Amino acid sequence: MAGQEESLKHTANGDVHVAQADGPASKRQKLDHSQEETKEETRQSQPRDRTRGVAPIKPEYLISSGPQSKVVDDDAAEAGIATEDPVNGKPDPRDGDGKKGKNRKKQGGQNQNRNYGNFEDALRLCNSVTYSNEFSPKPCKFGERCNMCHDLRKYLKEGRREDLETLDGKCPIFEEYGRCVSGWKCRFVKSHSKEVEREDGRKELILLQGPDSMETGEDPDQRPGIVNVVSTDIKWDLARRKVNFEKSDPYIKWLEKDTDIMRKVYNQTKKQDRDQLTENKEDLRAQFIDPPLKPSEKRKIYFGRETPVLAPLTTQGNLPFRRVCVELGAQITYSEMAMGMPLVQGQKGEWALMKAHESELASPRFTPTEGTVVKGYDNAKDLKFGAQISGNQPWVVMKATEALTKFLPHLRVVDLNCGCPIDLVYTAGAGSGLLDTPSKLEKMIRGMNVVSGEVPITAKLRMGVRDGKPTADKIVERLAFGGSDTRERLGAPGCAAITLHGRSRQQRYTKSANWSYIAECAALIKSYKDKKDELTDTAMAPDESTQANTADEKVYFIGNGDCYSHVDYFDHIDNAKVDTVMIARGAMVKPWIFEEIEKGQYLDKSASERLTYIEKFVRYGLEAWGSDELGLGFTRRFLLEWLSFTHRYVPIGILEHLPPSLNDRPPRYKGRNDLETLLASDNYKDWMKITEMFLGPAHPSFKFQPKHKSNSYEIEAEG
C-alpha cells in the first residue's frame with residue numbers, strides 16, 4: 001500500500017499505543033515525539049498511587065517529593081498541663097517524666113522543662129490606680145509599704161510598651177462589652193480612655209465606659225462571658241482545710257473499713273482446713289455493712305450521632321480554643337485535665353482550668369430516635385461543658401469531685417482520666433496507671449458517683465498499658481456492672497458513659513488507633529442489657545435513678561482515635577457501633593471538622609478564612625486572659641501551641657486522594673497563595689509572624705518552647 005494508516009489506541013489504564021508502518025525517518029521521529037508528549041500529559045493527569053504515611057500532594061504544588069524528615073511528637077497533646085502561672089519563669093513540673101537522678105531516661109525530641117520567660121510591664125501599676133480615673137484612685141491597702149507604681153502618667157510613659165495598632169487599635173473587650181477589665185494596663189488603652197480638662201484647669205486621664213457595660217468588679221477572674229469562676233475565698237478555705245466534705249469524709253471512712261474486710265477475706269491462709277476457711281470467710285463477710293450514703297438521682301445525659309465530642313486536651317483544650325470549636329459545631333466539650341490533689345488544695349492554676357464560656361452552657365444538638373434516648377432525658381437541662389480530673393487514690397478523686405460539684409454551677413459530667421500516658425502521672429498510679437488496678441478504679445467511680453450530687457460520672461480509658469495485651473474489655477465490664485466481689489453487695493458503680501481511645505499507653509501515637517478493638521468493646525456494651533440479668537440479682541440491684549443512664553440499661557460508649565473527617569466520623573459510628581466519636585488531634589489541626597460533620601461534606605477552607613479563626617482565637621484569648629501585657633503573653637503562648645498543630649493541615653484542594661489521613665505527613669509544598677504557604681510552614685519564625693499580625697511584636701523576655709525541640713523561639717532583648 002502506498003499510504004500507511006496510523007492509529008492511536010488508548011488502553012484501559014490510559015496508556016497510549018501507537019501503531020504505524022514503516023515510513024520516512026522524519027515522519028517516524030515526529031510520531032515518536034508526539035507519543036512521548038501524549039504519555040507525559042496522560043501521566044500528569046492521572047493520580048499517583050498513594051504512599052502510606054505521605055500526604056498525596058498534587059504535583060504542581062510540590063517543592064520536594066520526599067516526606068519531611070522532621071518527626072512530630074503527637075504525645076504533645078497529652079504531655080503537658082497548662083497552668084495560669086508560667087510567667088514566674090518556673091517550668092511546669094508535670095512536663096517531666098517523673099524520674100530523678102542520673103538514671104533518668106531522656107525522652108528524645110521533647111522539651112521536658114519548658115518555661116515561657118517573663119512578659120510583664122517594666123513598672124507594676126498598683127490595683128488602687130489600675131481601674132480608676134487619675135484624680136480618684138482607691139485607697140491602697142498597703143499604704144506607704146506598697147512597692148508598686150502609683151503615678152499613672154509615669155506608668156503610661158515609662159512603665160509599659162506602646163499601644164498596639166493591630167486589631168484596628170481597638171480593645172476587643174471594650175468593643176464587645178463596653179468596659180475593659182484590664183483598665184490602664186490594657187495595651188489598647190487609648191481606645192477607651194481620654195484626657196479631659198476640669199473646671200480648675202487641671203487635665204485628668206479618665207477611663208471610658210459604655211452605657212450598657214457589664215460590671216465585673218476588680219477581681220481579675222471575673223470576666224464578661226466567663227462562668228464557673230471560683231472565688232478566692234473558697235480557694236483559701238480549701239487550702240486551709242476549712243471546707244467540710246460532708247459526703248466524702250464518711251464515705252471514705254466506710255471505704256477504708258470495707259477494703260480492710262475485703263482484704264482479709266481474700267488473704268485467708270491456705271493452710272487452713274477448707275471448712276474452717278469457709279467458716280472464717282463467712283464470719284468476715286458478715287462484718288460488711290452498707291455504705292453510709294447512696295448516690296443522688298442523676299441528671300440524664302445524651303451522646304448520639306449528632307453530638308461530636310471535643311476531647312479534653314492538655315494545654316490546647318483551653319477556653320478560647322473550645323469557644324472556636326463550639327462556634328464550628330462541637331457539641332460536647334471538656335476542661336483540660338485537672339489534677340485531683342491541687343483541686344482539693346485550692347490551687348489557683350488548677351481551678352482556672354474549670355472556667356467555661358457561656359457558649360458552652362447551651363444544650364447539645366438533639367434529634368431523638370427510638371432506642372437512643374434515656375428515659376427522663378431533658379435536653380433543655382443539658383449543657384456542653386464537662387470537667388475531667390485525674391487522681392491516684394479514691395479519696396482524692398472523691399473530694400475533688402465533691403468540690404467541683406459543690407462550687408461549680410455549670411457541669412455536664414465529671415470525667416475520670418484513666419488514659420493519660422505521661423510518665424509522671426502513670427508512675428504515680430493515676431491516668432493510664434489505673435488500667436493496671438481495676439479494683440481501685442471501680443472504687444473511684446463508685447465513690448465519685450456517691451458524692452457528685454446530680455452530676456453524672458464518666459470515664460476515659462485506653463486499650464491497656466502494654467502493646468498486644470488489651471485490658472479495656474474487662475474494665476468496661478467492671479465499670480458497667482461492678483466487679484464479681486462487689487456487684488452482689490453494691491450493684492453497678494454508676495458510670496454514665498465510657499470513652500475508649502484505641503491505643504495502649506506503650507503504643508502512644510506510633511501506630512493508628514485500633515478501631516476493631518473499639519468495635520469489640522462497643523459490642524460488649526450493646527450486649528449488657530441481656531447480660532445484666534445474668535450478673536445482677538434483681539433484689540440487690542441499686543435504685544435505677546442513682547445509676548446515671550441505667551434507667552433503660554444504657555451505658556454510652558464513645559470511640560476515640562485518628563478521626564480527621566466526616567467520613568471517618570460516620571464510618572466509626574456505622575461500623576464500630578459507637579454512640580459518638582471523641583475528636584482530639586483532628587480538631588487541633590482543623591477545628592472545622594465539626595462543621596464538616598454537621599454538613600456531611602469536605603470543606604476546602606481558604607487561607608484567609610483559616611486566618612479569621614486565628615483572629616477569633618486571639619480575640620477570645622484577650623477576653624479570657626486580659627488585654628494587658630500578661631494577657632497578651634498568655635494568648636501568644638497558647639496561639640503558638642495551636643499553630644504547632646495547624647500547620648500540618650493540607651488543604652483539600654491540593655490533595656490528589658481523599659479522604660485525608662491524620663497520620664500522613666506532607667512533602668514540602670507551596671500553597672495556592674502566599675498566605676496558604678505561610679500557614680503550612682513548620683518554621684517557628686513563621687508562627688511568630690502570624691502571632692504578630694494580631695498581637696504585635698513579642699515582649700523582649702518572651703520565650704516559646706514547643707513540646708518538640710526542633711521548634712523553639714527566644715526573642716533577643718534589644719541591645
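Our structure's up above, just so we're on the same page.
Notes on the structure follow. (Residues numbered from 1 in each chain as written. Predicted model: local features only at pLDDT ≥ 70, side-chain atom pairs only at ≥ 80, totals over all residues. Heavy atoms only, no water.)

1. Comments concerning the packing of helix α20 (residues 607-625) against helix α21 (residues 629-646)
Helix-helix packing: each pair is described by the crossing angle between the helix axes and the interaxial distance. In the contact formed by α20 and α21, the axes pass within 9 Å of each other and the chain directions differ by 145°. Helix-helix and strand crossings are classified by hand; for α20 and α21 the assignment is right-handed. Between α20 and α21, the contacting residues are Arg610, Tyr613, Ile614, Phe617, Val618, Gly621, Leu622 and Trp625 on the first element and Gly631, Leu632, Phe634, Thr635, Phe638, Leu639, Trp642, Leu643 and Thr646 on the second. In the contact of α20 with α21, the residues fall into twelve nonpolar, four polar and one charged. (Axes fitted to C-alpha atoms, helices over the stretch in contact; angles between N-to-C directions. Helix = DSSP H or I, 4+ residues; strand = E, 2+ residues; numbered from the N terminus. Left-handed = near helix turned anticlockwise from the far one by under 90°. Contact = heavy atoms within 4.5 Å. Nonpolar A, V, L, I, M, F, W, Y, C, P; charged D, E, K, R; others polar.)

2. Regarding the packing of helix α13 (residues 438-451) against helix α14 (residues 472-481)
Two numbers describe how α13 lies on α14: the axes approach to 10 Å, and their chain directions differ by 35°. By crossing handedness, the relation of α13 to α14 is classed as right-handed. The residues of α14 that touch α13, namely those facing Pro438, Ser439, Leu441, Glu442 and Ile445, are Ile475, Arg478 and Leu479. Its residues placed into classes, the contact of α13 with α14 shows five nonpolar, one polar and two charged.

3. Focus on the pattern of salt bridges
Close approach of charged atoms allows side chains with opposite charge to pair. Tallied over the full model, the rule gives 35 salt bridges. Note that Lys605 is salt-bridged to Glu595, the shortest N-O span being 2.9 Å. Of this pair, Lys605 sits in the loop between α19 (593-599) and α20 while Glu595 sits in helix α19; the two residues are ten residues apart in sequence, bridging distant segments of the chain. Glu615 is paired through a salt bridge with Arg619; the nearest N and O atoms lie 3.1 Å apart. Linking Glu615 with Arg619, this pair stays in helix α20, spanning four residues, or about one helical turn. (Salt bridge = Lys/Arg side-chain N within 4 Å of Asp/Glu carboxyl O.)

4. Some thoughts on the environment of Cys149
Within the secondary structure, Cys149 is located in the loop between α2 (127-130) and α3 (152-158). Using a relative accessible area of 11% as the deciding quantity, one classes Cys149 as buried. (Buried < 20%, exposed > 50% of the residue type's maximum accessible area, 1.4 Å probe, protein only.)

5. A closer look at helix α17 (residues 566-576)
When we look at burial in α17, the residues that qualify are His566, Asp568, Tyr569, His572, Ile573 and Ala576. Directly after α17, the chain includes Lys577, whose backbone phi takes a positive value near 65°.

6. Points about helix α23 (residues 684-695)
The α-helix winds at 3.6 residues per turn, so residues separated by three or four positions along the chain end up facing the same way. For α23, spanning twelve residues, the distance from its first C-alpha to its last is 16 Å, which sits close to the expected 16 Å at 1.5 Å a residue. Those residues of α23 not exposed but buried are Asp686, Trp687, Met688, Ile690, Thr691, Phe694 and Leu695. Two or three places before Lys685, at the opening of α23, Asn683 has a side-chain oxygen 2.9 Å from that residue's backbone nitrogen. Immediately downstream of α23, the backbone of Gly696 shows phi near 70°, a positive value. (Expected span 1.5 Å × (residues − 1). Polar contact = N/O pair within 3.5 Å; in protein donor to acceptor, adjacent residues only side chain to side chain.)

7. Brief notes about the packing of aromatic side chains
With the rule as written, the count across this model stands at 16 aromatic pairs. Ring geometry for Tyr569 and Phe570: centres 5.1 Å apart, planes at 85°, overall edge-to-face. Considering the side-chain rings of Trp592 and Tyr649, the 4.9 Å spacing of their centres and the 85° angle between planes classify their relative orientation as edge-to-face. A residue pair is termed long-range when its members are at least 10 positions apart, and Trp592 in the loop between α18 (585-589) and α19 and Tyr649 in the loop between α21 and β17 (667-669) qualify at 57 residues. On the basis of relative accessibility, which here comes to 3%, the residue Trp592 falls in the buried class. What makes Tyr649 buried here is its relative accessible area of 1%. (Phe/Tyr/Trp six-rings, centres within 6.5 Å; stacked < 30°, edge-to-face > 60°.)

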